[in-house]
Structure formats: C-alpha cells, structure tokens
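# Breakdown of the fold
Listed below are the residues making up each chain.
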There are 4 protein chains.
Amino acid sequence: MPAELKKLKENTGKRSKKVKAIYPDSIHMAIADGLSYNDFNIKIATLDEPEHGLTVDLLDETDVLIWWGHCAHAEVKDEIVKRVHDRVMEGIGMIVLHSGYYSKIFKTLMGTSCSLKYRVNDDKQLIWNIEPSHQITQGIGDYIKLPKEEMYGERFDIPTPDKTLFIGWFEGGKVFRSGCCFQRGHGRSHHKVNPEYFDIPDWRRKMSLL
Amino acid sequence: MPAELKKLKENTGKRSKKVKAIYPDSIHMAIADGLSYNDFNIKIATLDEPEHGLTVDLLDETDVLIWWGHCAHAEVKDEIVKRVHDRVMEGIGMIVLHSGYYSKIFKTLMGTSCSLKYRVNDDKQLIWNIEPSHQITQGIGDYIKLPKEEMYGERFDIPTPDKTLFIGWFEGGKVFRSGCCFQRGHGRSHHKVNPEYFDIPDWRRKMSLL
Amino acid sequence: MPAELKKLKENTGKRSKKVKAIYPDSIHMAIADGLSYNDFNIKIATLDEPEHGLTVDLLDETDVLIWWGHCAHAEVKDEIVKRVHDRVMEGIGMIVLHSGYYSKIFKTLMGTSCSLKYRVNDDKQLIWNIEPSHQITQGIGDYIKLPKEEMYGERFDIPTPDKTLFIGWFEGGKVFRSGCCFQRGHGRSHHKVNPEYFDIPDWRRKMSLL
Amino acid sequence: MPAELKKLKENTGKRSKKVKAIYPDSIHMAIADGLSYNDFNIKIATLDEPEHGLTVDLLDETDVLIWWGHCAHAEVKDEIVKRVHDRVMEGIGMIVLHSGYYSKIFKTLMGTSCSLKYRVNDDKQLIWNIEPSHQITQGIGDYIKLPKEEMYGERFDIPTPDKTLFIGWFEGGKVFRSGCCFQRGHGRSHHKVNPEYFDIPDWRRKMSLL
C-alpha cells in the first residue's frame, strides 16, 4: 500500500440486521479498522451526508479514495460522481471494493456495463495471486483463502485490465478476475501518487492478513 | 475493412461557408463516398433528425457505426448516447473519426477526459503505420501523407489502447496516437462482428488511398 | 478459426503405452482429425524427421502452425526453433497446445520462463470463455467442460497477454489462464493472416465441440 | 527513479576517436555520472572483463541493471545473456539504453526481432512525455528536446508495451516509441523492486535534466 494513502472515504448503503450482526460498527468502520495498522489519515464519507460527504475540500486533500457500495448505487448523485471522476482524472488513486463494481463511478471509469455472474451462497473462495511481484501483492503468498464468500463469476464485462493481479476460484465452479488495475486519466504527479485504479474484492480481508 | 460493414450513420454539426466550399455535399456524404468502393449498405443519420436519426430500428440492423462530429457534441441527447453505448456493449463495431474524439459517446466509452493538444494550422502530417499486419492497416505502406492537417498532439488522455495502429508526425513538432483500437463490451458474436472500437482520424483520406 | 488455416504441422515426443491406448493413431493425427471438419490443407511434421520435418519449403507455404510437444522439448534443434521464430516474425499464425508451453519456441516467443504449477491428476476442469465475442471463442458458450484433465495452475510466468480468452477452473482448487493471445512480429499481410499467437490447451477437445 | 537502484553495470563496445572526443571518460562513466546526483551504489561492468564483469556475485547484489551496447552485441556470450535473463526473471529491474535495442538480452526479453528504421544524422528530436503521471516521467514536463540525435523510426518490432511513456518526434519526419515499459518474469518481491523493464533512449540526457 503506497505511503501516500492518507484518507479513506466511503459511501455505504442501508444496513440490514444481518449486516449489522457481522459489522456492528458498519462496513466502513471495518474497512477503516483494516487500515489502522498504518498511520494513514483516514476520513469517512457516507451516502446520507450532504454531497455524500464528498465535498470539494475533502476530495482536494485526498490521495486515495476507497469506495464501497451495494444496494444504493442509484442514489448516488450524478454531480458527485462527476466530481469524483474529475479528481481521478487529475490523479487520485481509487480502490473500488467488491459490490462497488456496479457503482456509477466504476461504470463511468470503465466505459462498459460491468455486468458479471452473481450468486449469494457461502462458496469457499481461493484468490490466486498471479502477479506476486506487484507492490500490491507482495508478501501475501500464493493465495488468500476465504471460507465463505458471495460468488462473482466471469464474464466480467470490463476492458482488458492493465494488469490482472488476482484470479478467484470458487468451490461451485466459477472463476473471476478478483483484482485488476486500470490507469485512467492524468495523474497528480506532484503528489507522486500512482494513479492506478483498483477493483479489489475482499481487500478488507486481505488487509487483515498483512 | 471487415465485410460485415453494412451501414454508415453519422451525426454532423452545423456547417460554415468554409466547410461547404470543401465538402459541397456535406462531410457525411464525403465519408459515404469514401466507402462506396464496396457494396456496403450505407445509411446516414444526422443531428437534426428526430433521435438524431439513430432510431432503435436503425441501430438494430447496424454492424458498424461511423461517428463524426465537431462543434455540436453538447447537442447530442444523453438518451441517444446511452442507446448507442448499449449497442456497442452488445457488439457493434464503431469508428470515431477525428474531432469525434470529444463526443459524448467517445468519452463515455473511454472513461477519461479525452483531452489533447490542438492547433488549427495547415501542418503537414505523416501518419506512420506501426502495425502493418493488422487487418485495418494492411497494404497502406509505411505511412499516409496529408499535406495540410489540423494538428492533434499528445498527451491524448485515453486509456492505454489495446493496439496502437498509427502514430502521427506533425511538421510543427507534435506527435499523436492517430489510430487506436479498444475493445469495449460483449460483442454480438452471431454476426461475427469484430467488436473493436476505432478512433481513426483521417479515415476518409485513408479510404481514398485504398 | 480463420479460413487461411491450410496446414497443420506438429512435433511429437515419444509415446508410452498409456498414450498409445488413448491415441492409437498418435496425438498429431488426433489433432489433424479435429481439424478435418474443414477443408484445410493439413501437413504433419514430427520430431524424428530430418529438420523435424519443418523444412524451409514447408514453412514457406504454411499459414498457421500448430505445435504440440511434451517430453522431448530439449531434442528440438535450436536452428529449427530459430527458423520457426523467423517465420512467426514474418507473419504466420501459431497455436501452441498444452504441454507445448515449455517448448523452446514458446519460451523464445514469450521471453519469460513459462513456468507454471503442474499436477498429473484427473481433475475435472471447466474452461471459462471470458471473451465470448472473439473470433476464436464465438459460439462455444460459457465454458468447456473436461471430465479429466492434467492440472495446470497459476502463476504462469508469461507476459501480460494481449487478450486472455479462457480461464480454467480445476476441481482441486487451481486456476489457469488457459487461452491467451499474443501478437509477436510483423505479420505476413499479403496472406491476411492474423499474426496472433495462441496458447490454447485442449484445443483438440474444443474443436470436437464445434 | 526508485530508491532501490543501487548499482549500475554496463557493457560497452569499442570506442572510436569520435566517441572519445564526446565521452572522454567513456560512455559508461557518462551514464554513471548522470546517476551521481543520488546515493546509488554504482558498479560498472564492461565487455572486456572476464564474464563481461557480470559475475554471479555482482548480479546477486544488483537491484537495477542498466545496459548499453552498440557495435559489439555479437561478442556478448550466450551464457552471460542467459544469466542476466535468469536474474530479470527473478526480479531485478533493467534499463536498456538506446542502441542496446539490438542486444541479445533485449531481443531475448522481447521475443521479437527488435528491428527499426535507423539513420545516422543530426536530426533534432523532441521526446514527448505521454504518461506524465508515471513515476519515471514525473516532473520532466511535456517533452525533452535533443538538438542532435541519431534517428530511430517506426516500425519498431516489439510486443505491445505494457506502457508507452515517450514518443519521439524527429525533424526528418519519423516517429518512435522512445520509452516503453515491459514487465517480464517473477520479480524479486523481498527487495520491493518494481520488476519492469525499460527501453529508454537518451536516459542519460534525461537524467541530466532532473
């Protein structure tokens, strides 16, 4: 994880009882906790705040934006999506987690439908590390094992990634490009941010392994 | 040019006297003329028509869509852009010509700002063919020479192309990735259309060389 | 499969009793049979022939070269590897099958070690079609199922493919980029051969499904 | 330039009077001087030394290898090329400068002929920075200007680069992909070396601008 990561911002959907049982302090807090091993300056932004918390000022001081969303993608305002997109074009890094694959911002950045196969089931997943020398994947070994996971399967309708880091294997027979890097836009060179764009399902779990 | 190209559709902006002098029958007719060496079934759609002429029926029977636009990008309706985008996701081929680089549909497909350097000047341009074995570039030799051309220069803010076919050299000192291929979306396999997406400035002139 | 495929040439290793039981007429004949549904002009070249059968004359009239090998990679002469490599640079298509991943010609073309995980076991394999609109994969559906297959697993040490067509799922928990396209070299444009280079394990079985 | 760069090694050809006039202390010393602004631990290896100076011990402690050669590519021993290639597969970074494009090690890594257009002439060159947010190109502005330069022109027979950083414009009408990144091999993750492989003509001059 690059040293420049200073802030975490997240939009989150409405939470069911089931989710509350697993993430009592919310999913965004669980993600933030996963980053707490480092001295990142983390801030959180959620759907219900004005401008979804993604104010111009906050984005201006953001180096890496982590996005998670699930049920409420449609409620994210187009003007905020455009604002975030503009900032990615200028060079912030962005990590879109798991069900964020269907968010407006991810679809805008990809230019494709981002559809995939999907099944809510407790499949065992193995996430194979196919680029073990990449800065994101160093030191995590051959694979990450998740005992129970929602199944995401190919074909995932995305452009050919600049780099595919992870390929997921699901017990039920599916495969998935579980971690992909895409560079989009100019980059903000004076901050030395690597302007790549990551879609990394289960980053939270990976982080807990670090 | 793949044999599956059957229809040409074009949106065109408003025309100045200067343009009329060069293209008395309109730019879209000049493009259509350039394709007339073959027995493509060509149809034309322009901005001023209802739905810009890009009706559901017309798109449903289209294999390859050629797009040109200049001053009037903002006047193209978002719902029509979405309709065209959906059709590209389903598999039609699309060729975006020259100043179409700043059209809504091209920016939607790229996911980037698509900005570039620009100068209206009569620069001589040499378009170097860097992939001479690609089906688009076969038989056109090392380069295409354009005596007078508007200058487009790098950095062109696009994702890394799947394939860069042409690099342009401009007398005034600029370079430009003048022909790029991007695959986006699923493809309509039953029509055997190659679902690539081309941005080829000066295709018209190239065609006249074939 | 492009219409330009006219000849099949193959180098084969020494055959055990077990292999003879499965392929009584040799593996190269099984591959040739798989192509017989079309009117390709197929010729066969094997390791034991002078120049491994890959004479200058034969290569000169070849459009697509299919390579299979297993135990005897080291016995292939360097000068013949160079000759084949030169022809690929000039534009013939080449398909390297399965255990050919460790042949001299494949390693020469890749520039990498081409190492992978490997296990001789009767794993069930599902080969997922992740680019269903590509000309190679059209019409074969979501996946190919192989009841018993040797396991090949990631990390497969190859350059990032131009296009990954297939990702394999193995019952035992492994994944593999089972079909990849790489363009290498100039291409022989006058034959309209698509100068891509394919590594497609189980092409034979795939062909039998067509 | 990554902080992990600790050593510089170079093979150099025989030197003419003309070259001596420009580089009185040799080209390899000029390259080393260009790196002296930093506290890299630089070592030099030349063609005439035993094993060309590229001993196992030296390579084992190398993080980034910079290669320059011109007339004497054929004199580099195959076993040393293999040794260097093995080390790149294991993860050292490598920068191949200018006429090194035709070295055995570069051709081995590319898997292609690496041929290009070539002219000894004092062309003015502009090297356009088309990825200004990449860590290699940050802060050098839109372009680097070289008043007199040997012309290298397309088509440069290389695989599609992972990333094209620079495109060169030559006064005489040619263009060239002047800086390209390729990842090849596993990477040596414990050293956090970014295992990319750079072909950057005129790196020396670029360095002097930093």
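The shown structure was predicted, so the numbers you read here are calculated from the model rather than taken from an experiment.

## Considering the overall build of chain A
Within chain A, the regular secondary structure consists of six helices and seven strands. Helices and strands appear in chain A in the N-to-C order α-α-α-β-α-β-α-β-β-β-β-β-α. Burial status across chain A gives 60% buried among its 210 residues. A sequence separation of at least 24 residues applies to 67% of the contacts in chain A between residues at least 6 apart. If you sum the accessible surface of chain A, you get close to 8400 Å²; carbon and sulfur atoms cover 50% of it.

## Some remarks on the interface of chain C and chain A
Interfaces are frequently sized by the accessible area removed from exposure as the parts join. With 21 residues of chain C at the interface, the matching set in chain A holds 21 residues. One can count four salt bridges joining chain C with chain A. There are 10 residue pairs in polar contact (both at pLDDT 80 or more) connecting chain C and chain A. For the side of chain C that touches chain A, the element with the highest residue contribution is strand E5 (residues 163–170) of chain C, accounting for five residues. Here the residues of the side of chain C that touches chain A sort into eight nonpolar, three polar and 10 charged.

## Re the relation of the copies chain C and chain A
With an RMSD of 0.0 Å, chain C superimposes on chain A once it is rotated by 180° and translated 0.0 Å along the axis. Each copy turns onto its partner about a two-fold axis. Of every C-alpha in chain C, the one belonging to Trp 169 of chain C sits nearest the axis of rotation, 3.4 Å from it. An overlap of 100% is found between the interface residues of chain C and their copies at the interface of chain A, pointing to a shared contact surface.

## Regarding the environment of Val 81 of chain D
Residues and elements named next belong to chain D. With respect to the secondary-structure elements, Val 81 resides in helix H4 (residues 78–90). Here Val 81 falls in the buried class, since its relative accessible area comes to 5%. In sequence terms Val 81 and Phe 40 are 41 residues apart; their C-alpha atoms lie 24 Å from each other. If near-sequence neighbours (up to four positions away) are discounted, Val 81 is found in contact with Val 76, Lys 104, Ile 105 and Thr 108.

## Brief notes about helix H2 (residues 27–34) of chain A
Extensive coverage of H2 of chain A is indicated by the burial of six of its eight residues. Residues Ile 27, His 28, Ala 30, Ile 31, Ala 32 and Gly 34 of chain A constitute the buried set of H2 of chain A.

## Overview of the pairing of strand E5 (residues 163–170) of chain A
Residue and element names in this part refer to chain A. By the criterion of burial, E5 is predominantly enclosed, with eight of the eight residues buried. As paired strands, strand E3 (residues 117–129) and E5 are joined by five bridges and run antiparallel to one another. Of the residues in E5, the one forming a bridge with Gln 125 is Phe 170. When E5 meets strand E6 (residues 175–183), the two strands line up antiparallel, connected through six bridges. Bridge assignment links Trp 169 to a residue of E6, and that residue is Val 175. Hairpin connection from E5 to E6: four residues lie between these consecutive antiparallel strands, with Gly 173 at a positive phi of about 115°.

## Some points on the packing of aromatic side chains
Following the criterion strictly, the structure yields 34 aromatic pairs over all chains and no others. Between Tyr 152 of chain D and Phe 176 of chain D, the aromatic rings sit 5.6 Å apart at their centres with planes inclined by 85°, giving edge-to-face as the arrangement. Highlighted residues: Tyr 152 of chain D in strand E4 (residues 143–153) and Phe 176 of chain D in strand E6 (residues 175–183), separated in sequence by 24 residues. The class for Tyr 152 of chain D is buried, based on a relative accessible area of 2%. Residue Phe 176 of chain D is classed as buried on the basis of its relative accessible area, which comes to 2%. Among the aromatic residues, ring-to-ring pairing joins Tyr 101, Tyr 102, Phe 106, Tyr 118, Tyr 152, Phe 156 and Phe 176 of chain A into one connected group. Stacked on the ring of Tyr 102 of chain A, the Lys or Arg Lys 107 of chain A has its end atom at 4.1 Å from the ring centre.

## Description of the environment of Cys 71 of chain A
By the element assignment, Cys 71 of chain A lies in the loop between strand E1 (64–67) and helix H4 (78–90). Measuring from C-alpha to C-alpha, the distance between Cys 71 of chain A and Gly 100 of chain A comes to 9.6 Å, with 29 residues separating the pair along the chain.

## Let's talk about the nonpolar core
All names here are of chain C. Core analysis: the biggest nonpolar cluster contains 32 residues, and Leu 54, Leu 65, Trp 67, Val 84, Met 94, Phe 106 and Phe 156 have the highest contact counts within it. Counting only elements with at least two residues in this core, the list comes to helix H3 (56–60), strand E1 (64–67), helix H4 (78–90), strand E2 (93–96), helix H5 (104–110), strand E4 (143–153) and strand E6 (175–183). Ranked by residue count, the leading element in this core is H4, at five residues. The contact partners of Val 84, leaving out residues within four places of it in the chain, are Leu 54, Leu 59, Leu 65, Trp 67, Met 94 and Ile 105.

## A few points about the pattern of salt bridges
One pass over the structure, following the stated rule, counts 44 salt bridges over all chains. Two residues, Arg 87 of chain C and Glu 90 of chain C, come together in a salt bridge whose shortest N-O distance is 2.7 Å. One end of the pair, Arg 87 of chain C, and the other, Glu 90 of chain C, are both in helix H4, three residues apart, so they sit about a helical turn from each other. Looking at Arg 87 of chain C, the relative accessible area reads 6%, which means it is buried. Salt-bridge contacts for Lys 43 of chain D lead to Glu 61 of chain D; the nearest nitrogen and oxygen are separated by 3.2 Å.

## Section: unusual backbone geometry
Residues and elements named next belong to chain A. In the segment running from Glu 154 into Arg 155, the intervening peptide bond is cis, with an omega of 10°. With respect to the element layout, Arg 155 can be found in the loop between strand E4 (143–153) and E5. Phi is positive for Glu 51, close to 55°, though the residue is something other than glycine. Here Glu 51 shows up in the loop between H2 and helix H3 (56–60). Note on Glu 51: relative accessible area 32%, which makes it partly exposed.

## Quick look at H4 of chain D
Residue and element names in this part refer to chain D. The first and last C-alpha atoms of H4 sit 18 Å apart over 13 residues, in line with the 18 Å expected at 1.5 Å per residue. Of all the residues in H4, the buried ones are Ile 80, Val 81, Arg 83, Val 84, His 85, Arg 87, Val 88 and Met 89. In the stretch just after H4, Gly 91 is the one whose phi turns positive, near 130°.

## Details of the environment of Ile 44 of chain B
All names here are of chain B. With respect to the helices and strands, the residue Ile 44 is situated in the loop between helix H2 (27–34) and helix H3 (56–60). Looking at Ile 44, the relative accessible area reads 30%, which means it is partly exposed. Distance in space between the C-alpha atoms of Ile 44 and Ala 74 is 20 Å, their sequence separation being 30 residues.

## A word on the confidence of the model for chain A
All names here are of chain A. Summing up the model confidence of chain A, the mean pLDDT is 80 and the portion of residues at 70 or higher is 81%. Throughout residues 187–195 the model reports pLDDT below 50, and contacts reaching past four residues in sequence, or to other chains, amount to 34 contacts. Per-residue pLDDT stays below 50 along residues 200–210; that stretch engages in 36 contacts with residues further than four places along the chain or on separate chains.

## What about the side chain of Thr 137 of chain B?
Relative to the assigned elements, Thr 137 of chain B resides in the loop between strand E3 (117–129) and strand E4 (143–153). Apart from residues lying up to four places away in sequence, Thr 137 of chain B is in contact with Asn 129, Glu 131, Pro 132, Leu 165 and Phe 166 of chain B.

## Details of the state of the cysteines
Covalently bonding the sulfur atom of one cysteine to the sulfur atom of another cysteine gives a disulfide. Residue and element names in this part refer to chain A. Tallied over the full model, the rule gives zero disulfides over all chains. We note that Cys 114 lacks a disulfide partner, and the nearest cysteine sulfur, in Cys 180, lies 11 Å from it. Classification of Cys 114 by relative accessible area gives buried; the value is 0%. Cys 180 takes part in no disulfide bond, and the closest cysteine sulfur to it belongs to Cys 181, at a distance of 7.7 Å. A relative accessible area of 0% means that Cys 180 is categorised as buried.

Calculation criteria
Residues numbered from 1 in each chain as written. Chains lettered and ligands numbered in written order. Predicted model: local features only at pLDDT ≥ 70, side-chain atom pairs only at ≥ 80, totals over all residues. Heavy atoms only, no water. Helix = DSSP H or I, 4+ residues; strand = E, 2+ residues; numbered from the N terminus. Buried < 20%, exposed > 50% of the residue type's maximum accessible area, 1.4 Å probe, protein only. Contact = heavy atoms within 4.5 Å. Areas by Shrake-Rupley, 256 points an atom, 1.4 Å probe, with all protein chains shown as cover. Salt bridge = Lys/Arg side-chain N within 4 Å of Asp/Glu carboxyl O. Polar contact = N/O pair within 3.5 Å; in protein donor to acceptor, adjacent residues only side chain to side chain. Nonpolar A, V, L, I, M, F, W, Y, C, P; charged D, E, K, R; others polar. Least-squares fit on C-alpha atoms with pLDDT ≥ 70 in both. Pairing = 2+ DSSP bridges. Phe/Tyr/Trp six-rings, centres within 6.5 Å; stacked < 30°, edge-to-face > 60°. Lys NZ or Arg CZ within 6 Å of the ring centre and 35° of its normal. Core = buried A, V, L, I, M, F, W, Y, C linked by side-chain atoms within 4.5 Å. Expected span 1.5 Å × (residues − 1). pLDDT = per-residue confidence, 0-100. Disulfide = S-S within 2.5 Å.

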